[in-house]
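# Chains, contacts and geometry: an overview
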Amino acid sequence: MKRILSEKGRKTGLLSFEWVMIVYAFITSIFILFAWQKLDDPSALLLKRFVPVVITLMLGIIGKKYEFKLIGILRILFQLYMLVWWYPDTYELNKAIPNLDHIFASAEQWIFGCQPALTFCTSYPQPFISEAMSFGYFVYYPLIVYTAFYYFVKRKEEIEKVMFIIMGSFFAYYLIFDFLPVVGPTFYYKAVGLERIVEGVFPAMGDYFTTHTDCMTTPGYTDGVFYQLVEGAKAAGERPTAAFPSSHVGIATICMLLLYRLKNKTSFLLFIIPYILLSMATVYIQAHYVIDAIAGLITGIVFYYLFMKWSKSTFILSPEF
């Protein structure tokens, strides 16, 4: 394929969505240095940033020299996979800041007069509703992969732009999570006790979650296939972090907007119901407060248009695409 990298691309070999990761690694490295005494193992956290940055630079050098489509695929898959690497890192970083769930639970109570994350699942315990919620929550992962894959196959000229929007939004959420330690109902209710939550008592937990990572069992139909998939995902990588705003709702919203802008609306219609279920499921399974989900919707729209605008000045089409 004809090389159409800009001067910036020729000098660095890096794609715009790879730069997003490197900038995030740099910003959080500065934070680690300032919060050194408050973190468990700051040296390991710095090393954790060094590894993906080096691999990304190596892929950039290879991609600049060899214009193979496989290299382009590897660069996309590597950055998407590394999101799993970066997520638990937010928990390690926000240990330096006292927990804020008491503020969010109190706000939830003031707005709704109850805790929707507690009443939603208990009001609708039916197996088919539980499975629908779990299905919606699980679709989050296929939705991201499908969006990136569709653009790679059908709209190659826009794949880097799309990856820039998705990766930029992910790291924007991760930055928020680094500095806003909210763990969500499943962890906070477990720590406080349901009796006190029902009574409307929401104590500040301070640094409690730096050493306690127990969460409530996901409510619903425990024999359901999608219920088990959600529980498996929680067991594999869930941490007391990243509750506000809901990145599940935010990133899903961004993917839906990316699918909507396609002339072929089939993909959008295919995911619209699962998207609605996903947004509701964040509260049903007690991963988020309602205000988290609302904030996720709002920030998802904002990030989409913000990174779409920025992509017009940073977009560089890689030759291997």
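Residues numbered from 1 in each chain as written. Predicted model: local features only at pLDDT ≥ 70, side-chain atom pairs only at ≥ 80, totals over all residues. Heavy atoms only, no water.

### Describing the side chain of S279
- Take S279: it is sitting in helix α14 (residues 266-284).
- Residues contacting S279, with those up to four places away along its chain left out, are V249 and A293. (Helix = DSSP H or I, 4+ residues; strand = E, 2+ residues; numbered from the N terminus. Contact = heavy atoms within 4.5 Å.)

### Considerations on the environment of P127
- Among the secondary structure elements, P127 is positioned in helix α7 (residues 127-138).
- With relative accessibility at 42%, the residue P127 sits in the partly exposed group.
- Residues P127 and T222, spaced 95 residues apart in sequence, show a C-alpha to C-alpha distance of 8.6 Å. (Buried < 20%, exposed > 50% of the residue type's maximum accessible area, 1.4 Å probe, protein only.)

### Describing the pattern of salt bridges
- Tallying each qualifying case throughout the model produces nine salt bridges.
- One salt bridge in this structure joins K48 and D89, with 4.0 Å as the shortest N-O distance. Remark: D89 occurs in helix α4 (residues 69-93) and K48 occurs in helix α3 (residues 42-65); sequence separation between them is 41 residues. For the pair shown, K48 and D89 are each scored as buried.
- Here R155 ties to E157 by a salt bridge, and the two come within 3.6 Å at their closest N and O atoms.
- E157 sits in the partly exposed class, given a relative accessible area of 45%.
- Residues participating in the shared-partner salt-bridge network are R155, E157, E158 and R261. (Salt bridge = Lys/Arg side-chain N within 4 Å of Asp/Glu carboxyl O.)

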